[in-house]
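Residue-level listing of the chains:
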Amino acid sequence: MSKRRIHVIGAGKRVLGAVLPVLDKVASRLTLAGLYARTDRIMQAGGAERLVRSAAKLGAGDLQDSDLIYLAVAKASVPEVLASLCRLQPERLDLLIEPPVVLFRHLRAARLLERFQSAGAAEDCVELPWLDLLRAPQARALVGEPRRAVFLGSAYRYHALATIKRLFACETIRSARRRRTGAESARVDVRLANGVLGRVLEPRDYATGSFVIEGTAGSISDELQGRDPERVLRPVVADGRCTGFQIGGFATTLDADEVDLMGSCAPGASVTSLMEGMKRVGLLRLMRRLLAGEGAYPVLEALEDMAVDFLLEKAGFYPASPLTSVKSRLGRRLLEGAGGLLGRASRVSG
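Attention here is on the structure that accompanies the text.

What counts, and where the lines are drawn
All residue numbers refer to positions counted from 1 along the written sequence of the respective chain. Per-residue local features are limited, in this predicted model, to residues with pLDDT of at least 70; the limit for side-chain atom pairs, both in listing and counting, is 80 or more; totals at the level of whole chains, interfaces and linings are taken over all residues. In computing side-chain values, all of the structure's heavy atoms are included and hydrogens and water are not. When DSSP locates at least two bridges between a pair of strands, those strands are taken to pair. Numbering of helices and strands runs from the N terminus; a helix is a DSSP stretch of H or I covering at least four residues, while a strand is a stretch of E covering at least two. By the convention used here, residues are in contact when the closest approach between their heavy atoms is within 4.5 Å. Axes here refer to lines fitted to C-alpha atoms; in helices the fit is confined to the stretch in contact. Angles between the N-to-C directions go from 0 to 180 degrees.

Concerning the sheet that holds strand β6 (residues 94-97)
Remark on secondary structure: sheet strands pair via backbone hydrogen bonds, oriented parallel or antiparallel. In spatial order, the strands read β3-β4-β2-β1-β5-β6-β7-β17; together these eight strands make up an open sheet with mixed pairing. At either margin of the open sheet sits one strand with a lone partner, and together these are β3 (41-45) and β17 (297-298). Pairing geometry for β3 and strand β4 (residues 48-54), over five bridges, is antiparallel. Along β4, the bridge assignment pairs Ile42 with Leu51. Relative to strand β5 (residues 68-71), helix α7 (residues 275-291) is tilted by about 155°, and along the sheet it contacts β1 (4-9), β2 (30-37), β5, β6, β7 (118-121) and β17.

Here's the deal with the sheet that holds strand β14 (residues 234-238)
Read across the sheet, three strands follow the order β14-β15-β16 without closing on themselves; strand pairing throughout is antiparallel. Among the strands making up the open sheet, the edge pair consists of β14 and β16 (250-253). Mean inter-strand twist for the sheet, computed between neighbouring axes without regard to direction, equals 35°. Both β14 and strand β15 (residues 241-247) contribute to a ladder of five bridges, which runs antiparallel. When the bridges of β15 are listed, Arg234 appears paired with Gln246.

Quick word on the pairing of strand β13 (residues 218-221)
Judged from the four bridges that link them, strand β12 (residues 210-215) and β13 form a sheet pairing that is antiparallel. Considered in β13, the bridge of Glu214 is made with Ser219. What sits between the antiparallel neighbours β12 and β13 is a turn of two residues.

Interpretation note: all reported values are geometric properties and have no functional meaning in isolation.
What follows is the structure, given as structure tokens:
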């Protein structure tokens, strides 16, 4: 099997802390052909020097023997960068783009994604490794028929919506509401089409956050204190590393590359406190899926997560309908129009 070639556009914290370490783990199947940012420079990453080229110098010739582009630039810059890429005949290239894909005011720019052979979102929260445990019969028996999941400072905005949808295997949000509970706090309730409720309590704080999953047979949680130990989801720790996750007498195991990406794990750490490492593992799993031809997180799902999150922030509620859903052709056109008006208003006020 020949190696594929990838160009990474963006050289910020996300690329340095997650994308490059993940690409190192799939180096036998994927070659980093180029790393681009606004200006030429040498960047230190993973104990090695990386040459960063100006994205303005990226030409069609550079992409001639390549297969994949990873786009991880500032959200406001996405439309401009997509337009530049579309001038390079990207029809045979696959694109992996950071969520939220585009900002709401730039929703119309998402049409540019159709120029690529395929486009997927790098939504690592749908592949967080603790989710494996909940798919096992042993864990499902502890919960029974799922009814509700509560994320106390342990999920964030559009990423939270993606996690809730994947957790309960339902891609359709029926309704959602956001209520402020304090100057810096809020409660977000998301009802899925299968009737399950996801609740997110803000603000996010992975260091102290936790989650609870409730069902007809009881609840499980990663909260370590004050709960039945048999119903606590916790990391498996060996030699200061997280090697898997367990609940009761059942455990899942990470492979060697995943253990390395997880980083160090202190005794008594909760699952939520390991979010940074888990997101790297999630990205690795997405990349493996992409290389296997299975696709990443669908762009349309990521756009829906973004739009619902935006409407919750601005209006406090989201009623699913053909007029409000990005997945509906009519709804997407209406939302594109609203986003365009918002974009023009922001330029005038600026």
